[in-house]
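Breakdown of the fold
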Amino acid sequence: MPFTRIIPSGPLDSVAASGNLMRISLSWLRDLVRVETGPEELAEQLSMAGFEVEEIDDLRRYAEGVVVGYILSNKQHPEADRLSICSVDVGTETPLQVVCGAPNVRTGIYVPVALAGCSLPAVNLVIRPAILRGVVSEGMICSLTELSIADQSDGIAILDNLTIQALRPGDKVGPLLGLDDTILKLAITANRPDGLSMIGVAREVAALTNQPTSLPSLELNPPFDDFPKTVLNRPPSGELYSLSLIEAPTGQTLGQVSPAWIQQRLQHSGIKSVNVAVDVTNLVMLEQSQPLHAFDADALERLADCPISAADFNLRQAHDGEYFKGIDGCERMLNCEVQVVTCHDRPIALAGVMGSMDSRVTESTCRIWLEAALFTPAAVRRTARSTGLRTDASTRFEKGLPRGITLSSSARAATLLQEILGSTTSGRWVHGRLEESFPPISLRRQAIHRTLGLLVDNGTPRSLKDDEIERCLVALGCTLDSTREGWQVSIPHSRRCDLLREIDLVEEVARLVGYNLFEAKLPKTLGPGGLNPRQKAERELRKLLAISGFQEISTLSLVGPPLDDNHRVPLSNPLLTEYGYLRNDLHEEHLRVCQSNFRSFQSGCWIFEIGNLFSGSSDDIRQNSVLAGVISGERVLERWSRSGKLKLLSYFEARALVGRSLAGLKLDVSDRPYLSPPPLLHPGRCAELFLEGQVCGHFGQLHPSYAEDLVLPRETYLFQLGLNSILTASTRGNRRIPVFQPYPTVPSIDRDLAVLVPTNTASGDVLQVICRAGKPLLENVELVDHFESDNLKAGHCSQSYRLRFRGSGTLTDAQVLPIQQKIREALVQHFRAEPRS
């Protein structure tokens, strides 16, 4: 019986998997492709081609200096009951005397003996002559653990049971136990699932080294019958499921020990040897990357208490609360995310992940149902995630497998069992979509030269030759038909998951030839970049708001469900329910920030944010950038200037803060009464904001009821403006050109004008009329007083303005009075204004 390394892994029969790490045995690889380079050079070539070699494990070091010994005699140690004194023939003139404490040591067996000076890295031990209880020991008889072959062992290794080769004292133990091999540990990326098979790596090595391959024959499109008709569910779209009934010959079982060469290949790949049926499925998985699984046919009939046929198998989603006991001995409660294979509706496997304890192959198994399936990556990923299991099989299914090798791998396993045991296949059944036609890909010669450029050969640039291109693709298993413009390339089954377009083939050629061998053509040097006018205006806006006392914040674009009837666009697959929608409002998040600040005993919260709002539906999402903010409480670090007294801003003071920031961009934003204000704003203290005659946003005080619910000051103000309107207006050419005026050298004349106008008249409209009528002498005008009283005319209010006139020379009353009269007439015409005098 050959050795095994105890590592719990294997397709559908393991708890832990190697993940994206593939262990490549050089001895196995040399059976598939001629490898003339050393391990280090080969590792460098594979790494440069995209298969990163994480570690090179030279197994020879574990048995360096260990030889075959034959125990000539064995007697009890006089001073210790558990020690034996052995005389061991190791091929030298005189036998060695070795003291051994193993319970299974006896005369007439061959054992591995570590000679003096030998190092055993598996147990971090250097062998030296020693005196044990007064008796000299000149070496050590080794166990499988000390040779790194097994994790645990009950005694010394008996070579008679581990190999069928002829044993001679003094021969090296390494070649007998497979410790003359080298293991390359490859990190396989998600886009190269073919790297999880020995065939895929062999083709890669052949392409890199220009060496021929000797791959095992694989029967393409083996005959399979359709599944019998049944009322049970069948594999979902895109999945393939097949079964083969295999029987052992009379007097033998499918659960017996595997041949030594199979155990050695599995052990070097990090997989535990179980029995011949399971080992063959593991071997085919490592060879072709197609996971297989074997069910004990007699065990299934005992579970169902009736004969089993292919029609009794089914694929379905597990029921919530359904229990499953895997081959690892753990019982798990399943949910509807898990896909299971059933027999008579009883779960016998987690599809693509693990088989059940009740249906496993044992030493007495004489018949098996061999499963070869193609499960969708998403279904296997959900099953593995829900159960917390990840196996070698699930790793391969999750990366995606080519459809064309599923049935061929099943036939390959049946052939191996027939060669090893003489087993027979009673029937084959398949359900699902078989391999579809895969049209060849057109590869143009011009596309390769244009994409890759010139190849530097001994310092001389040249174009890539046709035979070099063909060699690379043929080595990968492709079939080429020449055309006038290039080739028609037929892709092998193993690469149909990643070679889909012409550019994929161009990349393969570049990778195998070597990226470093092509001429480097860097783009022309780019000049220093800069901000465009809109970016400059946005940065200036942020700076102006910060100068006015605001702090910029950034909130998440994902929010919870709306609290009212406002529509929000839902996410199709949110990570959390609390963040399952795209925001359509910034004020809600900003008010929460204010709440947090006041709960932390801050005296004020002046914040702004430039962000995106989303509207529409899931099929038609519209995005709009806005400037929004909140003014609540007093300005931070300003109380010192008021002797510690709290002073909250009035409506007009808060509005002036926003206006002053926008004035820095030379924008004149006017207010209009809000006819139907949002519920969030105070109905009597809010306004629409107009820019260049168009509505661009709003400003207003928070509604008292909301302020009370949120425990915020009543003097809390909200504003929001469309960012596009601000940036468009601020970047117009006439606003960005500076205008220089000389300092005035003549005095100005100030005049006050008080008029009665209807109460609903906006002072901004009055100012515009005064500015137009006061040309060319009017230099400035501002509102200085607004007065309402019962003594005034009903429905009217008094508004007083201070007008400043200046001319090229010193003005006189005769020059100013006509302009004043013109302004009065304009006010009467537009607003029916009445003078207060």
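Refer to the preceding data block for the structure.
Quick caveat: nothing in here was measured; it's all calculated off a predicted structure.

A few words on the environment of Ala-43. Along the polypeptide, Ala-43 turns up in helix H2 (residues 39–48). Accessibility expressed as a relative area gives 7% for Ala-43, which makes it buried. Considering only alpha carbons, one finds Ala-43 and Ser-148, 105 residues apart in sequence, at a separation of 23 Å. Setting aside chain neighbours within four positions, we find Ala-43 in contact with Val-53 and Ile-56.

Let us look at the sheet that holds strand E27 (residues 479–482). Taken together, the three strands give an open sheet; going across it, the order is E24-E28-E27, and neighbouring strands pair in antiparallel fashion. Edge positions in the sheet fall to strand E24 (441–444) and E27, since each has one partner strand and no second. Along the sheet, successive strands turn relative to each other by an average axial angle of 30°, direction set aside. Bridge analysis of E24 against strand E28 (residues 486–490) gives four bridges, and the strand direction is antiparallel. Bridge assignment links Arg-444 to a residue of E28, and that residue is Gly-486. Packing of helix H13 (residues 502–513) onto the sheet brings it into contact with E24 and E28, and relative to E24 it is tilted by some 55°.

Residues Leu-29, Leu-46, Leu-186, Leu-443, Leu-473 and Val-489 are the most contacted members of the largest nonpolar core, which totals 75 residues. Setting aside anything within four residues of it in sequence, one finds Leu-29 in contact with Ile-24, Val-35, Leu-42, Met-198, Val-201, Ala-202 and Val-205. Core analysis: the next-biggest nonpolar cluster, separate from the first, contains 40 residues, Ile-348, Leu-350, Ala-351 and Trp-429 among them.

Looking at where Arg-332 falls in the secondary structure, it is placed in strand E18 (residues 331–333). A polar side-chain atom of Arg-332 sits 2.8 Å from a polar atom in the side chain of Asp-328. Excluding residues within four positions of it along the chain, Arg-332 makes contact with Glu-322, Tyr-323, Phe-324, Met-354, Thr-387 and Leu-389.

Turning our eyes to something else, we now look at the state of the cysteines. For the coordinates displayed, the defined rule picks out zero disulfides. No disulfide involves Cys-497; its sulfur sits 14 Å from that of Cys-478, the nearest cysteine. With no disulfide of its own, Cys-771 lies closest to Cys-797 among cysteine sulfurs, the gap being 18 Å.

What follows covers the packing of helix H11 (residues 445–452) against H13. With their axes 10 Å apart at the nearest point, H11 and H13 run at an angle of 60° to one another. The angle between H11 and H13 places the two elements in the oblique class. At the point where H11 passes H13, the crossing takes the right-handed sense. Judged by residue contacts, Ala-447, Ile-448, Thr-451 and Leu-452 of H11 engage Glu-502, Ile-503, Val-506, Val-509 and Ala-510 from H13. Of the residues belonging to the contact of H11 with H13, the class tally is seven nonpolar, one polar and one charged.

Interhelical geometry of helix H6 (residues 276–288) versus helix H10 (residues 406–421) gives an angle of 135° and a closest axis separation of 10 Å. One element, H6, and the other, H10, form an angle in the oblique class. Handedness of the H6/H10 crossing: right-handed. Only Ser-409, Arg-412, Ala-413, Leu-416, Leu-417, Ile-420 and Leu-421 of H10 make contact with H6, whose side of the interface consists of Val-276, Ala-277, Val-280, Leu-283, Val-284, Glu-287 and Gln-288.

Attention now goes to the layout of surface pockets. The space that makes up the largest pocket amounts to roughly 1500 Å³. In terms of lining, the largest pocket is formed by 38 residues, of which the most central are Phe-652, Asp-671, Ala-762, Ser-763 and Gly-764. Sorting the residues of the lining of the largest pocket by element identifies helix H16 (651–663), strand E34 (670–673), strand E35 (681–691), helix H20 (763–773) and strand E39 (778–787) as the ones contributing at least two each. For the lining of the largest pocket, the residue count by class is 18 nonpolar, twelve polar and eight charged.

The next point concerns the environment of Ala-372. In this structure, Ala-372 sits in strand E22 (residues 367–374). For the pair Ala-372 and Val-630, spaced 258 residues apart in sequence, the C-alpha separation works out to 64 Å. Those residues within four positions of Ala-372 in sequence are excluded, and the remaining contacts are Leu-240, Tyr-241, Ser-242, Leu-292, Thr-406 and Ser-410.

Next up on the list: unusual backbone geometry. Among all residues save glycine, negative phi is the norm, and among peptide bonds the norm is trans. For the bond from Lys-775 to Pro-776, the omega torsion is 0°, close enough to zero to count as cis. With respect to the secondary-structure elements, Pro-776 resides in the loop between H20 and E39. Even without glycine at this site, Arg-832 takes up a positive phi of about 55°. Mapped onto the elements of the fold, Arg-832 is located in the loop between helix H21 (813–831) and strand E41 (834–835).

Here we take up the packing of aromatic side chains. Taken as a whole and assessed by the stated rule, the structure comprises 13 aromatic pairs. Taking the centre distance of 6.2 Å and the plane angle of 45° together, the rings of Phe-295 and Phe-313 count as tilted. With Phe-295 in strand E15 (residues 292–296) and Phe-313 in strand E16 (residues 313–317), this pair connects stretches of sequence that are 18 residues apart. Judged by its relative accessible area of 0%, Phe-313 is buried. Aromatic side chains Phe-550 and Phe-719 sit 5.7 Å apart centroid to centroid with 80° between the ring planes, which places their arrangement in the edge-to-face category. Of the two residues, Phe-550 sits in the loop between helix H14 (533–547) and strand E29 (551–552) while Phe-719 sits in strand E37 (residues 716–722), which places them 169 residues apart along the sequence. No difference in accessibility class separates Phe-550 from Phe-719, as the two residues are buried.

On to a nonpolar patch on the surface. A contiguous nonpolar surface patch, about 530 Å² in accessible area, is contributed by Leu-556, Leu-558, Leu-575, Leu-576 and Tyr-579. Topologically, Tyr-579 is positioned in the loop between strand E30 (558–559) and strand E31 (581–582). With a relative accessible area of 37%, Tyr-579 lands in the partly exposed category.

Okay, the sheet that holds strand E20 (residues 346–350) next. Pairing in this open sheet of four strands is antiparallel, and the strands run E16-E19-E20-E21 from one edge to the other. Every other strand in the sheet has two partners, leaving E16 and strand E21 (354–355) as the edge strands with one partner each. Relative to strand E19 (residues 339–343), E16 runs antiparallel, the two sharing five bridges. Among the inter-strand pairings, Leu-315 is bridged to a residue of E19, identified as Val-341.

We now examine helix H5 (residues 260–268). At 3.6 residues per turn, the α-helix brings residues three or four places apart onto the same side. All buried positions along H5 are accounted for by Ile-262, Gln-263, Arg-265, Leu-266, Gln-267 and His-268. Elements in contact with the buried residues of H5: strand E1 (21–25), helix H1 (26–32), strand E12 (182–187), H6 and H10. Backbone geometry just downstream of H5 places Gly-270 in the positive-phi region, at approximately 85°.

Thresholds applied
- Residues numbered from 1 in each chain as written.
- Predicted model: local features only at pLDDT ≥ 70, side-chain atom pairs only at ≥ 80, totals over all residues.
- Heavy atoms only, no water.
- Helix = DSSP H or I, 4+ residues; strand = E, 2+ residues; numbered from the N terminus.
- Buried < 20%, exposed > 50% of the residue type's maximum accessible area, 1.4 Å probe, protein only.
- Contact = heavy atoms within 4.5 Å.
- Pairing = 2+ DSSP bridges.
- Axes fitted to C-alpha atoms, helices over the stretch in contact; angles between N-to-C directions.
- Core = buried A, V, L, I, M, F, W, Y, C linked by side-chain atoms within 4.5 Å.
- Polar contact = N/O pair within 3.5 Å; in protein donor to acceptor, adjacent residues only side chain to side chain.
- Disulfide = S-S within 2.5 Å.
- Parallel < 35°, antiparallel > 145°, perpendicular 65-115°, else oblique.
- Left-handed = near helix turned anticlockwise from the far one by under 90°.
- Nonpolar A, V, L, I, M, F, W, Y, C, P; charged D, E, K, R; others polar.
- 1 Å grid on protein atoms, 1.4 Å probe; cavity = no way out; pocket = protein on both sides within 12 Å on 5 of 7 lines; lining within 4 Å.
- Points joined across faces, edges and corners; volume = space filled by probe spheres on them.
- Phe/Tyr/Trp six-rings, centres within 6.5 Å; stacked < 30°, edge-to-face > 60°.
- Patch = residues over 30% accessible without salt bridge, like charges linked within 9 Å, V, L, I, M, F, W, Y side chains within 5 Å.
- Areas by Shrake-Rupley, 256 points an atom, 1.4 Å probe, with all protein chains shown as cover.
- Salt bridge = Lys/Arg side-chain N within 4 Å of Asp/Glu carboxyl O.

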